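# Residue-level structure breakdown
Next come the chains, spelled out residue by residue.
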Amino acid sequence: MKILVINSGSSSLKYQLFDMKKGERLAKGLIERIGCGGPKDHTEALKKVVADLGAPKDIDAIGHRVLHGAEIFKDSVLVTKSVLATLDKLVKFGTLHMPPNIGGIRACQKIFKGVPNVAVFDTAFHQTMPDCAAMYAIDPKYYKKMGIRKYGFHGTSHKFITAEAAKFLKKPLARVNLVTCHLGNGSSIAAVKNGACVDTSMGLTPLAGLVMGTRCGDIDVGAVLSIMEAEKKTPEEMDALLNKKSGLLALAGSSDCRDICAKAGKGDKQAELALEMLAYRTALYIGAYNTVIGGADAIVMTGGIGENSSEVRERIVKRLGALGIKLDRKANKIRGSLGVISTKDSKIPVVVIPTNEELAIAQDTARIVGR
Ligand code: AMP
């Protein structure tokens, strides 16, 4: 079975082609500058994908990364007319990402006639959260009228590393308890009990939780209101400030964690503070989520930072001593590969597991069309 995976953004379209029987990736590519110098729209971009792949006739299904499934899509879904109509109604939950996500699906329906499309949602894995974790302490009318609650993101990655961790720990998926940390340019943590998500650090939008590349993560809403009032900012301007101009970028001049580590190594105080803030908040969530799930079988780290940065991992794990977690500094040198970075006598193992969101989307697509 051949599965094409599409990650369609506002100005770019990433794709990967998998042979599921052989478990191999056959091709990978990126079309850029859609609507700004490159292909005029997503249909034109897909024509380029078809040309790059040598006009394949044997694609069995197409899997699409879709940002938001709200409470409607608790699992990946085969795209039908009514699913597309529902997706159109969910644009309000992601005005930046949802239109290109949906545009990518519509373009595939035109270009790959008769090939089934499957929508795989960033929010779906978190739909098992209990209300006590998902609801905000505001007038319930905002939930009822507008769907204001915590949804969480990076679900495809958290689900993938949960399954990989269960295999690695030799535990049935339905019995594995984990704190999964996806640490990249965008970062989130999930509390996983018996294989299902019971809490996560992102919220209604991906702005909440950890200190990220350009997002502030958790902040007192009172601070947001004060800035808006003092600088007479519009909601759009404030959104841009918190999502695109905060986090590591605001604290130390770069959104790239490698730059921040290099600066901190040269004694830059702001870079040092940024790294400590990132590590502190991450450790805070790990401690809280370990409590939520009644004790983790493992702490799992993934994403660009989680997979590659020994320095950031060390700064986080050093703060987890109260849980009996101990870092093995030599083992912590691994980069981009699976391995345990805690000592043998660490009360909870810390495991690095590379994520593969595209493969996870392909696996889900195969599962859905195979039904
Ligand atoms: P992602 O969004 O998952 O692609 O992760 C991107 C982030 O991973 C960026 O902040 C990179 O600086 C960071 N990253 C990648 N490799 C390393 C590394 N060796 N050390 C520190 N950060 C890294």
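Keep in mind that this is a model prediction, so the values were computed, not measured. (Residues numbered from 1 in each chain as written. Predicted model: local features only at pLDDT ≥ 70, side-chain atom pairs only at ≥ 80, totals over all residues. Heavy atoms only, no water.)

## A word on the sheet that holds strand β9 (residues 196-200)
The criterion, for reference: Strands qualify as paired when DSSP identifies two bridges or more between them. Segments assigned H or I by DSSP are reported as helices when at least four residues long, segments assigned E as strands when at least two residues long, and all are numbered from the N terminus. We call two residues contacting when some pair of their heavy atoms lies within 4.5 Å. Lines fitted to C-alpha atoms define the axes, with helix axes restricted to the stretch in contact, and inter-axis angles between N-to-C directions lie between 0 and 180 degrees.
Pairing is mixed across the open sheet formed by six strands, whose spatial order is β9-β8-β7-β10-β12-β11. In this open sheet, the two edge strands, each paired with only one partner strand, are β9 and β11 (339-340). Bridge count for strand β7 (residues 178-183) against strand β8 (residues 187-193) is six bridges, and the pairing is antiparallel. Bridge assignment links C181 to a residue of β8, and that residue is I189. The sheet strands contacting helix α11 (residues 269-292) are β7, β8, β9 and β10 (298-302), and the helix crosses β8 at an angle near 15°.

## Here we look at unusual backbone geometry
Inclusion rule: For each residue, the accessible area found with a 1.4 Å probe, counting protein chains only, is set against the maximum for its type, and the residue is called buried under 20%, exposed over 50%, and partly exposed in between.
Positive phi values are uncommon outside glycine, yet A70 reaches one of about 50°. Along the chain, A70 turns up in the loop between β4 (61-66) and β5 (77-78). Relative accessible area serves as the criterion here: at 4%, A70 is assigned to the buried category.

## Things to note about helix α14 (residues 357-369)
Defined as follows: Here the expected span of a helix is defined as 1.5 Å times the quantity of residues minus one.
In a regular helix each residue adds 1.5 Å, so 13 residues correspond to 18 Å; α14 covers 18 Å between its end C-alpha atoms and thus fits that length. Turning to α14, its buried residues number three or more, namely E357, A360, I361, A362, D364, T365, A366 and I368.

## Quick look at the packing of aromatic side chains
Geometry of an aromatic ring pair is reported as the spacing of the ring centres plus the angle between the planes. Formally: Each Phe, Tyr or Trp ring (for Trp, its six-membered ring) is paired with any other whose centre lies within 6.5 Å, and the angle between the two planes then decides the class: stacked below 30 degrees, edge-to-face above 60, tilted in between. Ring-over charges, as used throughout, are those where CZ of Arg or NZ of Lys falls within 6 Å of the ring centre and within 35 degrees of the ring normal.
Under the counting rule described, the total for this entry stands at three aromatic pairs. Measuring from centroid to centroid gives 4.8 Å for F73 and F121, while their planes differ by 5°, and the two rings are stacked. You can see F73 sitting in the loop between β4 and β5 and its partner F121 sitting in strand β6 (residues 117-121), a full 48 residues away along the chain. Grouping residues by exposure puts F73 and F121 together as buried. Here Y285 and Y289 contribute two aromatic rings whose centre-to-centre distance is 5.5 Å and whose plane-to-plane angle is 75°, an arrangement assigned as edge-to-face. In this pair, Y285 and Y289 both sit in helix α11, four residues apart, roughly one turn of the helix. It is R149 that lies over the ring of Y151; its NZ or CZ is 4.9 Å from the centre.

## Examining the pairing of β9
The element β9 is extensively covered by neighbouring structure, given that four of its five residues are classed as buried. Here four bridges tie β8 to β9, and the two strands are oriented antiparallel to one another. Looking at β9, one finds that A190 is bridged to T200. Counted between consecutive antiparallel strands, the loop separating β8 from β9 contains two residues, among which N194 sits at a positive phi close to 50°.

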